[in-house]
Amino acid sequence: MASAPSSTRTETLSQHVVEVRDVAYSIGGRTIFSGLTLNIERGRVTAIMGPSGTGKTTLLKLITGQIRPDRGQVLVEGRDVARLSRRELYALRQRMGMLFQNGALLTDLDVFENVAFPLREHTKLPEPLISHIVLTKLQSVGLRGAWALMPAELSGGMARRVALARAMAMDPDMLIYDEPFAGLDPISMGVILRLLRQMNDALGITSILVSHDVEEITTVADTSYILADGKVVAHGNPQDLKKSDSELVRQFMNGIADGPVAFHYPAPDLREQLLADVD
Amino acid sequence: MQQSRAMEVSTGLFVLLGFAALLFLATQITNRDVGANGKSYEVTARYENIGGLKVGAPVSMAGVTIGRVDGIAFDQKVYKAVVKMRIKDEFNKIPDDSDASIMTSGLLGGQYVGISAGGSETFLKAGSQIQFVQDALVLENLINRLVASFASKKDSDAPAEEKK
Amino acid sequence: MSLARELLNSTTQVIAKMGAVMLFLGRILGQVPASLARPGLIVAQIHNAGALSLVIIMTCGLFVGMVLGLQGYDLLQRFGSESALGTGTALALLRELGPVVTALLFAGRAGTALASEIGLMRATDQLVAMEMMAVDSVRRVVAPRFLGGLIAMPLLTMIFVAIAIFGVQLVGVQQLGVDRGTFWSQMQGSVKMSDVTEGWIKGCVFGAACTLVAVYEGYTAAPTAEGVGQATTRTVVISAVLTLALDYILTALLL
């Protein structure tokens, strides 16, 4: 299988797999980040949280090299992602696994072929070995028996588990989860939570989790960043964050309806607008 | 993948059908006349006026097409049109004193080269030049001749009357 | 905004889009050698673009031929030249009707299928997922489909013309009484191989153009349900206009 950039093998591995240094990014006139700095520690589950629209998915795109920051650097394993050539970027991505919000399974392939996809594209392994790897990965997410189903026949939770198996097929160093809990029933959610923690601990990989499901994150994340207004507003253990001094953080973590993030969308004075028609 | 066998077969059939159609079109609806160079030989003829003769026009004897006009050029030294013709190899007994005239097929049809046989014992071969030619009939010349012949008829009548 | 300003904007947009499409074509062509290493994918796409379009192409070909036979006979009869039916229709079909109608039908059936398929992959993040797995989505998804369309179109054109001529014969000879011998011999007397190659070349060029438009619109569709719908509509419209414009250029070049 492909190897990571050689520089990381000859030096001691740094503690931070991903470093985001003072990144600014705007699109279509909207500023998404105006000076974002955070670090992802090796071997831990790090959560990225924040109100809707704060750019959590944009951050993932910056880390995976899909977009480039206007200012600042995003370093993965010590290398500036924005500076990598296409080939180097592809080599880097082979060390990462990504789980999309809706699974993003290839609809014209069955479950087995979906999990086998990265193996077939990047390796020349013989068929029995591919089969062995695929079935093992499916077994670890509990879906070995579903290998012949088509993605259209899977429930949301099952599709996401297959996507997890696929993300793990090449034994990556880092797993990225984009809203893994969105829209799942409680049982499926429990399954994903258990898998998330187990994968991380059993394989010693780094996990980055983007979500705004506070309760789930509290059970599974080691550390957490809260983003708002294009910056990091809080950082630390989820339990500690719930008792934070900042009102914004407390509102978010405890799910309070009104606070620093206002309930009402900006509007003119109520009395003026309603009574204006009466005259 | 399970269906790949059936898919391969149907794709193969499709491609076959496409090429069959191409073959059909190429052989059944195009003319299979004088084609490759090996089956024909070239002769030339020089004309004062070729009229509307075009490349690809047929060359015929006794109404049977024996070849095609291959090229038309202009010789600046003698100010004549040079018509190159390709004649099928099987027609190799054309006397070299034959006449090559430019004729019109039908009343308003296209023009072609009609060869009428001479009496010579030697035959045309590759590179021969046909000596006896008849130019295309040009409408204006015909009219001029007609007018001239009317005029001369008048002249020949008048002196005859004077002589009396 | 003033009319002039709007016109300028629209023109700039069109030029920018043409540039983007050309760049995309360059990217596809760059991936063709790599994609040829997976012939199975290309075969599947020839099947999708070609074999699955056979029914509509053959049916329409038959009808077009039959209509041409009827119209042609009626028209030529006024000049006493019914015997030229074979010649006239064969030439019209080979050089113009065949390639153009096939291209329009192709854009409608295969073009929309391609655009919506790729557009759906865009909307459900499948293309991004591929890129995240370090697989070039142009190589894996777009290039095989482009080659499939490119190979299928000229073949479809030939099939269309052949069936259409059969349709002309059906109406002209069987039904309206044009002499069979005259029909075929007149045709053989006037149709040249260069006419057949003209049809084939047009088929190839139209195939490249329509397929390129379809994959481009699908690939760059907005990742929503309506984005896919709009991409499909645009595919048909742009394919039609492009085909007819290219038809003029090619005809002028080849005549």
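The structure displayed is predicted, hence computed values, not measured ones.

(A) Region of interest: the overall build of chain B. When its secondary structure is counted, chain B shows two helices and eight strands. Start at the N end of chain B and walk to the C end: the helices and strands fall as α-β-β-β-β-β-β-β-β-α. Taking all 164 residues of chain B together, 21% fall into the buried category. Put simply, of all contacts in chain B between residues at least 6 apart along the chain, 65% involve residues at least 24 apart.

(B) Summary view of the overall build of chain A. A tally of regular secondary structure across chain A gives eleven helices and ten strands. Along the first, second and third principal axes, the C-alpha set of chain A runs to 80 × 45 × 35 Å. Relative to its 279 residues, chain A shows a buried fraction of 37%. In chain A, of all internal contacts separated by at least 6 residues, the share reaching a separation of at least 24 is 65%.

(C) Structural view of helix 5 (residues 127-140) of chain A. All names here are of chain A. The end-to-end C-alpha separation of helix 5 is 20 Å, in line with the 20 Å expected for 14 residues at 1.5 Å each. Listed as buried for helix 5 are V134, K137 and L138. Down the axis, helix 5 shows its buried residues gathered within 100 degrees of arc, on one side only. Residues of helix 5 that are exposed and angled more than 90 degrees away from the buried face: P128, L129, H132 and Q139. Contacts from the buried residues of helix 5 go to helix 4 (111-122) and helix 6 (156-168).

(D) Region of interest: the sheet that holds strand 2 (residues 30-41) of chain A. All names here are of chain A. Spatially, the four strands line up as an open sheet ordered 2-1-4-5, and their pairing is antiparallel. Among the strands making up the open sheet, the edge pair consists of strand 2 and strand 5 (79-80). In this structure, strand 4 (residues 71-76) lies alongside strand 5, joined through two bridges in antiparallel fashion. Each residue of the ladder has a partner; that of V76, found in strand 5, is R79. Contacts from helix 2 (residues 56-63) reach strand 1 (16-27), strand 2 and strand 4, with the element oriented near 120 degrees to strand 1.

(E) Representation of the pairing of strand 3 (residues 64-75) of chain B within the structure. Residues and elements named next belong to chain B. Pairing of strand 2 (residues 58-61) with strand 3 involves four bridges; the strand directions are antiparallel. From the neighbouring strand, V59 faces strand 3, where its bridge partner is G67. Counting the residues between successive antiparallel strands, the hairpin from strand 2 to strand 3 contains two residues, one of them, A62, with a positive phi of roughly 55 degrees. Of the strand pairs in this sheet, strand 3 and strand 4 (residues 80-88) are connected by eight bridges, and their pairing is antiparallel. If you follow D75 over to strand 4, its bridge partner there is K80. Here strand 3 hands over to strand 4 after four residues, with Y79 in that stretch at a positive phi of 55 degrees.

(F) Broad picture of the sheet that holds strand 10 (residues 231-236) of chain A. Residue and element names in this part refer to chain A. Judged by pairing direction, the sheet is mixed, and its six strands sit side by side in the order 6-7-8-3-9-10 without closing on themselves. Both edges of this open sheet fall to strand 6 (96-99) and strand 10, since each of them pairs with a single strand only. Across the sheet, the axes of successive neighbouring strands diverge by a mean angle of 15 degrees, strand direction being ignored. In terms of strand pairing, strand 3 (residues 45-49) meets strand 8 (residues 206-210) through four bridges, oriented parallel. Pairing of I48 across the sheet is with V210, part of strand 8.

(G) Molecular detail of the packing of helix 1 (residues 4-28) of chain B against helix 2 (residues 39-49) of chain C. Their axes nearest at 9 Å, the elements helix 1 of chain B and helix 2 of chain C cross at an angle of 60 degrees. In the packing of helix 1 of chain B onto helix 2 of chain C, the handedness of the crossing is left-handed. Counting all contacts with helix 1 of chain B, which are made through S4, M7, E8, S10 and T11 of chain B, the residues of helix 2 of chain C involved are G40, V43, A44, I46 and H47 of chain C. Split by residue class, the contact of helix 1 of chain B with helix 2 of chain C holds four nonpolar, five polar and one charged.

(H) A look at the confidence of the model for chain A. Confidence in the prediction of chain A, expressed as mean pLDDT, is 83, and 94% of residues score 70 or more. Low confidence marks residues 1-11 of chain A, where pLDDT is under 50. Its contacts with residues over four positions away, or in another chain, come to 13 contacts.

(I) How the structure looks around the interface of chain B and chain C. At the junction of the two partners, chain B supplies 17 residues and chain C supplies 23 residues. Of the residues assigned to the side of chain B that touches chain C, the class counts are ten nonpolar, six polar and one charged.

(J) How the structure looks around the interface of chain A and chain C. Contacts between chain A and chain C engage 13 residues on the former and eight residues on the latter. Only helix 3 (86-93) and helix 4 of chain A provide two or more residues apiece to the side of chain A that touches chain C. Sorting elements by how many residues they give to the side of chain A that touches chain C places helix 4 of chain A first, with four residues. Taken together, the residues of the side of chain A that touches chain C sort by class into seven nonpolar, four polar and two charged.

(K) Quick peek at the environment of A26 of chain B. Relative to the elements of secondary structure, A26 of chain B occurs in helix 1. In the structure, A26 of chain B is positioned 87 residues away from V113 of chain B in sequence and 27 Å away in space, judged by C-alpha atoms. Look past the residues within four positions of A26 of chain B in its chain and what remains in contact with it is M193 and V196 of chain C.

(L) Fine view of unusual backbone geometry. The phi angle at D171 of chain A is positive, at roughly 50 degrees, despite the residue not being glycine. Following the sequence through the fold, D171 of chain A ends up in the loop between helix 6 and strand 7 (174-178). For D171 of chain A, a count of 12 C-beta atoms within 10 Å puts it in the exposed group. Here the phi dihedral of D125 of chain C falls at roughly 65 degrees; this positive angle occurs in a residue that is not glycine. Residue position: D125 of chain C is located in the loop between helix 4 (85-123) and helix 5 (126-132).

(M) Focus on the domain arrangement of chain B. Assigned domains within chain B: domain 1 (1-30) and domain 2 (37-139). Look at where the C-alpha atoms of domain 1 of chain B and domain 2 of chain B centre, and you get two points 44 Å apart.

About the cut-offs
Residues numbered from 1 in each chain as written. Chains lettered and ligands numbered in written order. Predicted model: local features only at pLDDT ≥ 70, side-chain atom pairs only at ≥ 80, totals over all residues. Helix = DSSP H or I, 4+ residues; strand = E, 2+ residues; numbered from the N terminus. Buried ≥ 20, exposed ≤ 12 C-beta atoms within 10 Å, placed from the backbone. Contact = placed C-beta atoms within 7 Å. Expected span 1.5 Å × (residues − 1). Arc of directions from axis to C-beta. Pairing = 2+ DSSP bridges. Axes fitted to C-alpha atoms, helices over the stretch in contact; angles between N-to-C directions. Left-handed = near helix turned anticlockwise from the far one by under 90°. Nonpolar A, V, L, I, M, F, W, Y, C, P; charged D, E, K, R; others polar. pLDDT = per-residue confidence, 0-100. Domains from an automatic or database assignment.

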